[in-house]
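Chain by chain, the residues:
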Amino acid sequence: YAACKESEMVIDLIEKFMEAGFHPDTALRMMNSAMVTHGENNLFSTVDLMCMDLDSGVADFYKIGAAATFIRHGGEVRAVDCSGMPAGVFADLRIAKVSEQLESGDFIVMVTDGVLEHLHVPDAKETMADIIKNVSTNNPARFSKDILEQILLFTGGQVRDDMTVLTAGIWE
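Here goes a summary of the coordinates provided. Sequence order sets the numbering: in each chain, residues are counted from 1 along the sequence as written. Residues qualify for local features only when their pLDDT is at least 70, as the model is predicted, and side-chain atom pairs are given and counted only at 80 or more; totals for whole chains, interfaces and linings, by contrast, use all residues. Remark: hydrogens and water are excluded; side-chain values derive from all non-hydrogen atoms of the structure.

### Let's talk about the nonpolar core
Our working definition: For this analysis, a nonpolar core means a set of buried residues of the types Ala, Val, Leu, Ile, Met, Phe, Trp, Tyr and Cys, connected via side-chain atoms within 4.5 Å. When accessible area is computed with a 1.4 Å probe and restricted to protein chains, residues below 20% of their type maximum are described as buried, those above 50% as exposed, and intermediate ones as partly exposed. What counts as a helix is a DSSP run of H or I of at least four residues, what counts as a strand is a run of E of at least two, and both are numbered from the N terminus. In this analysis, two residues are considered to be in contact whenever any of their non-hydrogen atoms come within 4.5 Å of each other.
Residues Phe70, Val111, Leu116, Met128 and Ile147 are the most contacted members of the largest nonpolar core, which totals 21 residues. The set of elements that each furnish at least two residues to this core consists of strand 6 (107–111), helix 3 (113–117), helix 4 (124–133) and helix 5 (140–154). Tallying contributions element by element places helix 4 first for this core, with five residues. The contact partners of Val111, leaving out residues within four places of it in the chain, are Asp48, Ala67, Ala68, Phe70, Leu116, Met128, Thr164 and Val165. Ranked by size, the runner-up nonpolar core spans 13 residues in total, among them Leu13, Ile14, Val47 and Tyr62.

### Describing the sheet that holds strand 5 (residues 96–101)
Let me state the cut-off plainly: For two strands to be treated as a pair, DSSP must find no fewer than two bridges joining them. A fitted line through C-alpha atoms represents every axis, and for helices the fit uses only the stretch in contact; the resulting angles, taken between N-to-C directions, go from 0 to 180 degrees.
Sheet architecture is open: three strands sit in the order 1-2-5, paired in antiparallel fashion. The open sheet terminates on both sides in strands that have one partner only, identified here as strand 1 (47–52) and strand 5. Between one strand axis and the next, the sheet turns through 20° on average, direction left out of account. Note: strand 2 (residues 58–64) against strand 5, six bridges, orientation antiparallel. From the neighbouring strand, Asp60 faces strand 5, where its bridge partner is Ser99.

### Re the layout of surface pockets
Applied cut-off: Cavities and pockets are defined on a 1 Å grid built over the protein atoms alone: a cavity is a set of grid points where a 1.4 Å probe fits but cannot escape, while a pocket is an open set with protein on both sides within 12 Å along at least five of seven lines, and lining residues are those with an atom within 4 Å of any such point. Grid points are joined across faces, edges and corners, and a volume is the space filled by probe spheres set on the points. Lys, Arg, Asp and Glu make up the charged group, whereas Ala, Val, Leu, Ile, Met, Phe, Trp, Tyr, Cys and Pro make up the nonpolar group; the residues left over, Gly among them, are polar.
What the largest pocket holds in volume is close to 990 Å³. Taken together, 31 residues make up the lining of the largest pocket; nearest its centre are Ile11, Thr46, Val47, Asp48 and Thr112. Mapped by element, the contributors of at least two residues to the lining of the largest pocket are helix 1 (2–19), strand 1, strand 6 and strand 7 (165–169). Among the elements that take part in the lining of the largest pocket, helix 1 stands out by supplying nine residues, more than any other. A per-class count over the lining of the largest pocket returns 18 nonpolar, seven polar and six charged. In this structure, the second largest pocket spans a volume of roughly 170 Å³.

### Here we look at a negative patch on the surface
Let me state the cut-off plainly: Patch building starts from residues that exceed 30% relative accessible area and form no salt bridge, then joins like charges within 9 Å and nonpolar side chains (Val, Leu, Ile, Met, Phe, Trp, Tyr) within 5 Å. Note on areas: Shrake-Rupley with a 1.4 Å probe; residue coverage comes only from the protein chains shown. Here a salt bridge means any side-chain nitrogen of Lys or Arg lying within 4 Å of a carboxyl oxygen belonging to Asp or Glu. Positive charge is attributed to Lys and Arg, negative charge to Asp and Glu, and no charge count is given to His or to the chain ends. Think of each charge as sitting on NZ of Lys, CZ of Arg, CG of Asp or CD of Glu.
A cluster of like negative charges, contributed by Asp113, Glu117, Asp161 and Asp162, occupies part of the molecular surface. Turning to its location among the elements, Asp161 is positioned in the loop between helix 5 and strand 7. Asp161 gets classed as partly exposed once you look at its relative accessible area, which sits at 31%.

### Topic: the packing of aromatic side chains
Two aromatic rings are characterised by how far apart their centres lie and by the angle between their planes. This is how it is decided: Pairing of aromatic side chains here covers Phe, Tyr and the six-membered ring of Trp, requires ring centres within 6.5 Å, and sorts the geometry by plane angle: under 30 degrees stacked, over 60 edge-to-face, intermediate tilted.
For the coordinates displayed, the defined rule picks out three aromatic pairs. Pairing Phe107 with Phe143 gives two aromatic rings, centres 4.6 Å apart and planes at 20°, and the pair type is stacked. Residue Phe107 is found in strand 6, and its partner Phe143 is found in helix 5; the two are separated by 36 residues along the sequence. Residue Phe107 is classed as buried on the basis of its relative accessible area of 1%. By relative accessible area, Phe143 is classed as buried at 0%. Three or more aromatic residues joined by ring pairs make a cluster, and in this case those are Phe107, Phe143 and Trp171.

Below is the structure:
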């Protein structure tokens, strides 16, 4: 319950800062400062944010302690991954930003750490890439459901942590 409330606060702060016109880097730093000063409960949050320029197709991925994000382009899947601490740990937050050129037909798959950590395979990112390659739908909601169904085969149907899969399809 406490972790859920902390996550809601993080999302709310980022949304408010970005709606007020702050650049994502600034919004994330301001959110982190609020968490550091508020952090008496020792709760920390990961942040996984994608901002895409709809004209150029360039997507900026901001990752703060978050699990890998996957991009499926045709038959290939690549991971966007940056290591780092969650928000609220240090006042001087290192925000990893990776820019990727996206094209029509690409799929972005963002997952929580519970998805990758509970695969129980030698290379979770490689296994996830294989799962994503084999999804045959172009419907983003069905895409996420198909991935989660495959993940649950690895976990014996057990859900031990938050296991969220968010998929976005990119079309002209």
